[in-house]
Amino acid sequence: MSPEFPVSGSGANRVQHPTGFEGGRLLIVAFEGWNDAGEAATGAARLLSERLGLVEIAAVDPELYFDYQFTRPTIQADSDGVRRLTWPGAAILGPSGMPLDDDDEIVTGPGADTLHVLLGAEPARTWKGFAAELIDAALSADVEGIVLLGAMLADAPHTRPLAVFASSENPEVRAALGVERSTYEGPVGILSVIADQAERVGIPTVSLWASVPHYVHNAPSPKAVLALLGKVEELTGLSIPRGSLEDEAQAWEASVDALAADDEEMAGYIQQLEQARDAVDAPQASGEAIAQEFERYLRRRGDQPGGGPWRPRDVG
């Protein structure tokens, strides 16, 4: 029998089944900023939100949590040519209740019709209150499990499959999903705070971190988005249409190939990464190796809050 998680609060009469995270009311979480190398995590979450036609059901007051000198509002023209301000924030998106068009771009599988997405920018202050407010909203939406998406800069060659490290602090989830427990100690981002708050109120969590080649850290990485979506499918049983994403990933890889062809130092460095990766038996790096890279990444970010590891030459 699958482990069950009784939950207090608004969802007191429900139980949770972490095995495969299949069929439950799931919340996919992604934040811009520190946790989002190559915009991979937010790219995956946005694709899910768009494919599902989700609408905002809860949002934080940005005045409470954001420093606008650090995360500035943006202005852009809408379809009518009217220029409007958009403020940084965070919101939970849920099903609209309206039927979706029956086409090949719809997310299907167990729990697809109850999937929720939390998207936002990492806050500048009052992290405990920020996380508590969002977890309260998740409880009100009867969320039964949370999948946190992140992306880290890594010594990963862009020419190989990009690895995704899955971990959980919840022993039942680890046993059910066959994922690891992170051994990292050091500075963390808002994802870790959200996960801690969720586990404290009885919502099981699993974290997925994609490895993004650090030498293309300035450019969005559709290949990393694909890797995260594939891991989400593996854990949840969902089927997520990719649309044009696979073509975009191929174009991204080709553009980096072209840059490397004109830079002997960069090409040599990528070849070293490829040789190291190919030394691993499976096309995906081992869970232990990915975990070690994750820890190295977080330590580098702790030492260099605004930067990443050494690189031959930044591109993108």
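Just so we're clear, the structure is a prediction, and the values are computed from it rather than from any experiment.

**Digging into helix α6 (residues 222-236)**
Stage number 1. Spanning 15 residues, α6 covers 21 Å between terminal C-alpha atoms, matching the ideal 21 Å at 1.5 Å per step.
Stage number 2. Most of α6 is tucked away: 12 of the 15 residues are buried.
Stage number 3. Taken together, the buried positions of α6 are P222, K223, A224, V225, L226, A227, L228, L229, K231, V232, L235 and T236.

**Focus: a negative patch on the surface**
Stage number 1. On the surface, D61, E63, E133 and D136 cluster together to form a negatively charged patch.
Stage number 2. By secondary structure assignment, the location of D61 is in the loop between β2 (55-59) and α2 (62-65).
Stage number 3. The class of D61 is partly exposed, set by a relative accessible area of 37%.

**Some thoughts on the packing of helix α7 (residues 245-261) against helix α8 (residues 264-278)**
Stage number 1. At a minimum axis distance of 6 Å, the contact between α7 and α8 shows a crossing angle of 120 degrees. With respect to each other, α7 and α8 are oriented oblique. Side by side, α7 and α8 meet where V256, L259 and A260 of the first sit next to E264, M266, A267 and I270 of the second.
Stage number 2. Of the residues belonging to the contact of α7 with α8, the class tally is six nonpolar, no polar and one charged.

**A short note on the nonpolar core**
The nonpolar side chains of soluble globular proteins are, as a tendency, buried together.
Stage number 1. By size, the foremost hydrophobic cluster in this structure holds 48 residues, and its most contacted members are L149, V206, L208 and L228.
Stage number 2. Here this core takes eight residues from α6, the largest share from any one element.
Stage number 3. In contact with L208, other than residues within four places in its own chain, are V147, L148, L149, G150, V164, F165, A166, L228, K231, V232 and L235.
Stage number 4. Of all hydrophobic cores here, the second largest spans 31 residues; its members include F31, A141, I194 and W209.

**Thoughts on the confidence of the model for the protein chain**
Stage number 1. When pLDDT is averaged along the protein chain, the result is 83; 80% of the residues meet or exceed 70.
Stage number 2. Across residues 281-285 the pLDDT falls below 50, and counting only partners more than four positions away or on other chains, this stretch makes 10 contacts in the model.
Stage number 3. Residue range residues 303-316 is modelled with pLDDT below 50. Its contacts to residues more than four positions away, or to other chains, number 28 contacts.

**Let's talk about a nonpolar patch on the surface**
Stage number 1. On the surface, a cluster of nonpolar side chains totalling about 320 Å² of accessible area is made up of I75, L85 and W87.
Stage number 2. Along the chain, the position of L85 falls in strand β4 (residues 83-86).

About the criteria used
- Residues numbered from 1 in each chain as written.
- Predicted model: local features only at pLDDT ≥ 70, side-chain atom pairs only at ≥ 80, totals over all residues.
- Heavy atoms only, no water.
- Helix = DSSP H or I, 4+ residues; strand = E, 2+ residues; numbered from the N terminus.
- Expected span 1.5 Å × (residues − 1).
- Buried < 20%, exposed > 50% of the residue type's maximum accessible area, 1.4 Å probe, protein only.
- Patch = residues over 30% accessible without salt bridge, like charges linked within 9 Å, V, L, I, M, F, W, Y side chains within 5 Å.
- Areas by Shrake-Rupley, 256 points an atom, 1.4 Å probe, with all protein chains shown as cover.
- Salt bridge = Lys/Arg side-chain N within 4 Å of Asp/Glu carboxyl O.
- Lys, Arg positive; Asp, Glu negative; His and termini not counted.
- Charge placed at Lys NZ, Arg CZ, Asp CG, Glu CD.
- Axes fitted to C-alpha atoms, helices over the stretch in contact; angles between N-to-C directions.
- Parallel < 35°, antiparallel > 145°, perpendicular 65-115°, else oblique.
- Contact = heavy atoms within 4.5 Å.
- Nonpolar A, V, L, I, M, F, W, Y, C, P; charged D, E, K, R; others polar.
- Core = buried A, V, L, I, M, F, W, Y, C linked by side-chain atoms within 4.5 Å.
- pLDDT = per-residue confidence, 0-100.

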